[in-house]
Amino acid sequence: MRTKLLTDGPPRQHAVVFDTDDEVVGGLTGWAEQNDLPGSSFTGIGAFSSATVGYYDLDEQEYAEIPVPDQVEVLTLAGDITRDGEGGWQVHAHVVCGRRDGSTVGGHLLRAVTRPTLELVVTTGASHLRRRHDPASGLALIDLDAS
């Protein structure tokens with residue numbers, strides 16, 4: 001994974017480019033931690049050799065995993081990077097992937113491996129966004145009162 005600061009700020013913009021065989025969610029989370037990123041959002045395009053997306057089952061309060069074992073184009077990837085309740089970082093991303101036959105699959109990005117590249121533009125703000133556990137949904141939601 002390679003990065004470059006595009007604009008100084010805040011807000012700052014960074015180009016983040018993943019190379020073949022890079023793991024996306026872990027790589028982005030590690031980069032956020034290393035750079036003590038404040039609240040951030042990102043968009044991206046590229047391709048995966050494999051991925052797992054999820055559909056959140058509200059009744060079960062868990063993600064139903066949808067494996068994507070084939071090479072796919074990343075048609076759109078959007079998300080945010082926030083602090084979690086324990087002080088670490090959390091990447092929350094949704095993706096739509098295009099298959100060879102033109103069909104699509106999408107959902108919450110759980111895991112993905114890049115092939116050949118994934119290009120993100122990350123915009124960082126001036127302060128951290130934090131998440132808190134919401135017992136009604138079972139999700140960690142952005143807590144604007146704590147940010």
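Our subject is the structure listed above.
Quick caveat: nothing in here was measured; it's all calculated off a predicted structure.

Reading the values: rules and limits
- Residues numbered from 1 in each chain as written.
- Predicted model: local features only at pLDDT ≥ 70, side-chain atom pairs only at ≥ 80, totals over all residues.
- Heavy atoms only, no water.
- Core = buried A, V, L, I, M, F, W, Y, C linked by side-chain atoms within 4.5 Å.
- Buried < 20%, exposed > 50% of the residue type's maximum accessible area, 1.4 Å probe, protein only.
- Helix = DSSP H or I, 4+ residues; strand = E, 2+ residues; numbered from the N terminus.
- Contact = heavy atoms within 4.5 Å.
- Phe/Tyr/Trp six-rings, centres within 6.5 Å; stacked < 30°, edge-to-face > 60°.
- Lys NZ or Arg CZ within 6 Å of the ring centre and 35° of its normal.

## Topic: the nonpolar core
Most often, soluble globular proteins have nonpolar side chains that are buried together.
Thought 1: Ranked by size, the top nonpolar core spans 28 residues in total, and within it F42, F48, L77, I81, L109 and L120 carry the most contacts.
Thought 2: Broken down by secondary-structure element, the contributors of at least two residues to this core are β2 (12-19), α1 (24-34), β3 (40-57), β5 (72-83), β6 (89-98) and β7 (104-124).
Thought 3: Filtering out sequence-adjacent residues up to four positions away, L77 remains in contact with F42, T43, G44, A93, H94, V95, L109, L118 and L120.

## Looking at the packing of aromatic side chains
Thought 1: The final tally for this structure, using the stated rule, is 1 aromatic pair.
Thought 2: When the centroid spacing of 4.9 Å and the interplanar angle of 65 degrees are considered together, the rings of Y56 and Y63 count as edge-to-face.
Thought 3: For Y56, a relative accessible area of 17% puts it in the buried group.
Thought 4: It is R83 that lies over the ring of W89; its NZ or CZ is 3.8 Å from the centre.

## With respect to unusual backbone geometry
Thought 1: That bond from R115 to P116 is cis: its omega, 0 degrees, falls within 30 degrees of zero.
Thought 2: Residue position: P116 is located in strand β7.
Thought 3: Phi at D21 takes a positive value of approximately 75 degrees, unusual for a residue other than glycine.
Thought 4: Position of D21 among the secondary structure elements: in the loop between β2 and α1.
Thought 5: In the Ramachandran plot, D36 falls in the positive-phi region, its phi being about 45 degrees despite a non-glycine side chain.
Thought 6: Inspection of the secondary structure assignment puts D36 in the loop between α1 and β3.

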